[in-house]
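Here is what each chain is made of, one letter per residue.
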Amino acid sequence: MPPSRLRRAALPLTAAALLVPLATACSGGANDTTSASDGGQRLRVAMAFPPAQAMSPYGDDAVNLSRLAVIEGLTSLGRDGAAKPALAASWKRESPKAWTFTLRKASFQDGTKVDPAAVVRSLNAAQKASPKPRVLSDTGITAAAQGAGTVRITTTASDPLLPQRLANPSLTILSAAAYQGGKVNPAGHATGPFTLAAVKGAVSATLERNDHYWGGKAKAPGADVTFVADGTARANALRTGAVDVAEYVPISQASLLGDRLVHEFPSARTNGLSLNTEHGVFADPAMRAAAREAIDSEALVKAVYEGRADSAQGLLGPGVPWAAAAREAPADRAAAAGRAQVAKTKQIVLATYTNRPELPEVATVVQQQLQKRGFTVKQVVRDYAQLEADALAGKYDAFIQARNTLLDTADPVSYLASDFTCDGSFNISQLCDKRVDTDVDKAAALAGNDARHRAAMTAEADVLGTDALVPLLHERFVQGYDDSRVHGVALDPMERTLITADTRVG
């Protein structure tokens, strides 16, 4: 997903400037804090994205809170994207628009009980928040207490994904004390294994173990977190032992750190080449097919990602573990135009953005591959904010982006609907195909995971058959920690977990 739709841009600070607060934060006792009473050593963590909304759960800061094991919702997500119990021990669908959730026995970090009133307060506050959490952009929810340990949640329309939706970090459950003066403060008022004890602006945060966590005490007594926007600075901090865990190590630094410190795993991100199906050269299906045939995914993986990515398999890659077994072959693809025919077309404009450092390099290799096929290509490379409006308006012939295919509900149907249907809100390819719309609608109406998965892959085949998007590669995430001494770090393709109750040093 492009950065403006997923995560804010990193703060524009130099590596040298960032290392100063990093060293300061880590030198205040975090480096060697080991106590018999604590039963372990504090974690030292370098996070990539500084808080932007004072740790409000309604924006991107909620992801940091989730990755630091501070907050929880009624549900969590399994590796297959299915909902799992969290603060809700079980749930039942009463009707297309109504569900009941039975709560487990749990306490907030401030000692108050997790009860139906608290759940109702949190969910209804999220619904009324301004701006509203993105996960609620396509539905509305209303929560009401129903008995001593049960909450009834109704949606504005039929929503088979409600249990997955409630796992989103923005729908965290907080105690009454979190809601004061029109603001929401999760510090000390959440339910996770770690309590947010202090935040120093965009520089650092302190976590302490929640000794009353319903899932059992965390193995580390706490964590000292530094927000380091510069990827090279995070890698250097890991290399020198200043931190135990560094998230999102840049590809350019991975080979320098070595396998002991670098841990890569498939992500749900697909880098794709969106082709303008409405205007210009690629309005012709034969030209889109020629562009598809020009792309060499393996060469991109080798040249730009140093082998730390996966060759294109479809819209959904290895980070969506069920996709490969359910994949269908595209049908009715157009025959590709020959090189001589391609050479007669006018110049195409290929655009991408600088916010993800690998993408301009990807664009250069793709340009070379298209030129080899006979296309004349002009590049436009800018900050994403300068490109988005024109991309959505169809002003480029081709657009390269890194897209999170699981979005807010860990379900690819939302991605398919937004990117490839006639009324899709993020339809850069300008695709409007009746078969795609019909099959996406069918998938959206299904409740069971297996049925939705099969239907989603039918819709994927439809999209690939149009060549509206040519998959380039599937990204891998690279997290940094020394696996000889740091254990229990979560490698999560959906980016919601990093530090857990099991994370420890030693």
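Reading the values: the criteria
- Residues numbered from 1 in each chain as written.
- Predicted model: local features only at pLDDT ≥ 70, side-chain atom pairs only at ≥ 80, totals over all residues.
- Heavy atoms only, no water.
- Pairing = 2+ DSSP bridges.
- Helix = DSSP H or I, 4+ residues; strand = E, 2+ residues; numbered from the N terminus.
- Axes fitted to C-alpha atoms, helices over the stretch in contact; angles between N-to-C directions.
- Contact = heavy atoms within 4.5 Å.
- Phe/Tyr/Trp six-rings, centres within 6.5 Å; stacked < 30°, edge-to-face > 60°.
- Buried < 20%, exposed > 50% of the residue type's maximum accessible area, 1.4 Å probe, protein only.
- Lys NZ or Arg CZ within 6 Å of the ring centre and 35° of its normal.
- Expected span 1.5 Å × (residues − 1).
- Disulfide = S-S within 2.5 Å.
- Parallel < 35°, antiparallel > 145°, perpendicular 65-115°, else oblique.
- Left-handed = near helix turned anticlockwise from the far one by under 90°.
- Nonpolar A, V, L, I, M, F, W, Y, C, P; charged D, E, K, R; others polar.
- Core = buried A, V, L, I, M, F, W, Y, C linked by side-chain atoms within 4.5 Å.
- Salt bridge = Lys/Arg side-chain N within 4 Å of Asp/Glu carboxyl O.
- pLDDT = per-residue confidence, 0-100.

Draft legend 1. Main features of the sheet that holds strand 9 (residues 150–155). With antiparallel pairing, the four strands of this open sheet are ordered in space as 6-7-9-8. Only two strands of the sheet have a single partner each, and these edge strands are strand 6 (88–95) and strand 8 (141–145). On average, each strand axis in the sheet is inclined to that of its neighbour by 25 degrees, with strand direction left out of account. Where strand 8 and strand 9 come together, five bridges link them in antiparallel fashion. Across the sheet, the residue bridging to alanine 144 is arginine 152, located in strand 9. Along the sheet, helix 4 (residues 116–128) makes contact with strand 7 (98–103), strand 8 and strand 9, crossing strand 8 at roughly 165 degrees.

Draft legend 2. The arrangement of the packing of aromatic side chains in detail. The final tally for this structure, using the stated rule, is 11 aromatic pairs. Here the aromatic rings of tyrosine 213 and tryptophan 214 are separated by 5.2 Å at their centres, their planes lie at 50 degrees, and the arrangement is tilted. Measuring from centroid to centroid gives 5.5 Å for phenylalanine 282 and phenylalanine 375, while their planes differ by 50 degrees, and the two rings are tilted. Taken together, the positions of phenylalanine 282 in the loop between strand 16 (262–275) and helix 8 (285–294) and phenylalanine 375 in the loop between helix 12 (358–373) and strand 19 (377–382) put the pair 93 residues apart, joining distant regions of the chain. Phenylalanine 375 matches phenylalanine 282 in its accessibility class, with the two residues each being buried. Taken together, the ring pairs connect Phe49, Tyr248, Phe265 and Phe477 into an aromatic cluster. Looking at arginine 104, its charged tip hangs above the ring of tryptophan 214, at a distance of 4.0 Å from the centre.

Draft legend 3. Representation of helix 16 (residues 449–466) within the structure. The terminal C-alpha atoms of helix 16 lie 26 Å apart, and with 18 residues this matches the ideal 26 Å at 1.5 Å per residue to within 8%. Judged by how many residues are buried, helix 16 sits mostly within the fold: 13 of 18 residues are covered. The positive-phi residue at the C-terminal boundary of helix 16 is aspartate 467, with phi of around 60 degrees.

Draft legend 4. The state of the cysteines, seen in detail. Throughout the structure, instances matching the rule amount to one disulfide. At a sulfur-sulfur separation of 1.9 Å, the disulfide partner of cysteine 422 is cysteine 432. The S-S bond linking cysteine 422 to cysteine 432 shows a torsion near 95 degrees; that makes this disulfide right-handed. Of this pair, cysteine 422 sits in the loop between helix 14 (412–420) and helix 15 (434–445) while cysteine 432 is found in the loop between helix 14 and helix 15, placing the two residues 10 residues apart along the sequence. Its relative accessible area of 31% is what places cysteine 422 among the partly exposed residues. Note on cysteine 432: relative accessible area 55%, which makes it exposed.

Draft legend 5. Highlighting the packing of helix 14 against helix 15. Between helix 14 and helix 15, the least distance of the axes is 10 Å, while the angle of their chain directions is 155 degrees. The orientation of helix 14 relative to helix 15 falls into the category roughly antiparallel. Crossing hand, helix 14 versus helix 15: left-handed. Counting all contacts with helix 14, which are made through Val413, Leu416, Ala417 and Phe420, the residues of helix 15 involved are Val436, Asp437, Val440, Ala443 and Ala444. Of the residues assigned to the contact of helix 14 with helix 15, the class counts are eight nonpolar, no polar and one charged.

Draft legend 6. Examining the nonpolar core more closely. In terms of nonpolar packing, the biggest core is built from 59 residues, with Leu273, Phe282, Val366, Phe375, Phe399, Ile400 and Leu472 touching the most fellow members. No other element matches helix 12, which puts six residues into this core. With near-sequence residues (within four places) excluded, leucine 273 lies in contact with Ile295, Leu350, Val366, Ala398, Phe399, Ile400, Ala468, Leu469, Val470 and Leu472. Core analysis: the next-biggest nonpolar cluster, separate from the first, contains 57 residues, Leu65, Leu74, Ile141 and Ile173 among them.

Draft legend 7. A look at the pattern of salt bridges. One pass over the full model with this rule turns up 26 salt bridges. Taking the shortest distance from any N to any O, the salt bridge between arginine 165 and aspartate 138 comes out at 2.9 Å. Within this pair, whereas arginine 165 is found in helix 5 (residues 162–165), its partner aspartate 138 is found in the loop between helix 4 and strand 8, the two being separated by 27 residues in sequence. The exposure class assigned to arginine 165 is buried, which follows from its relative accessible area of 4%. Put simply, arginine 452 and aspartate 411 hold a salt bridge, and the shortest N to O gap is 2.8 Å. Here arginine 452 is found in helix 16, whereas its partner aspartate 411 is found in the loop between strand 20 (398–404) and helix 14, with 41 residues between them in sequence. Each member of the pair, arginine 452 as well as aspartate 411, is classed as buried. Several salt bridges converge on common partners, so that one network encompasses Glu264, Arg308, Asp310 and Arg476.

Draft legend 8. Region of interest: the pairing of strand 16. In terms of burial, strand 16 is a largely internal element, 12 of the 14 residues being buried. Where strand 16 and strand 21 (residues 469–481) come together, 10 bridges link them in antiparallel fashion. Bridge assignment links threonine 270 to a residue of strand 21, and that residue is histidine 474. Relative to strand 20, strand 16 runs antiparallel, the two sharing seven bridges. Across the sheet, the residue bridging to glycine 272 is glutamine 401, located in strand 20.

Draft legend 9. Just the packing of helix 9 (residues 297–305) against helix 12, in detail. Contact geometry for helix 9 and helix 12: axes closest at 10 Å, N-to-C directions at 140 degrees. Classified by the angle between their axes, helix 9 and helix 12 sit oblique to one another. Helix 9 and helix 12 meet at a crossing whose hand is right-handed. In this structure, helix 9 uses Ala299, Leu300, Val304 and Tyr305 to contact helix 12, whose residues at the interface are Glu358, Leu359, Glu361, Val362, Val365, Val366 and Gln369. The class makeup of the residues in the contact of helix 9 with helix 12 is eight nonpolar, one polar and two charged.

Draft legend 10. Here's a closer look at the confidence of the model for the protein chain. Here the protein chain averages 91 in pLDDT, and 92% of its residues register 70 or above. pLDDT under 50 marks residues 1–37. Its contacts with residues more than four places away, or in other chains, come to 80 contacts.

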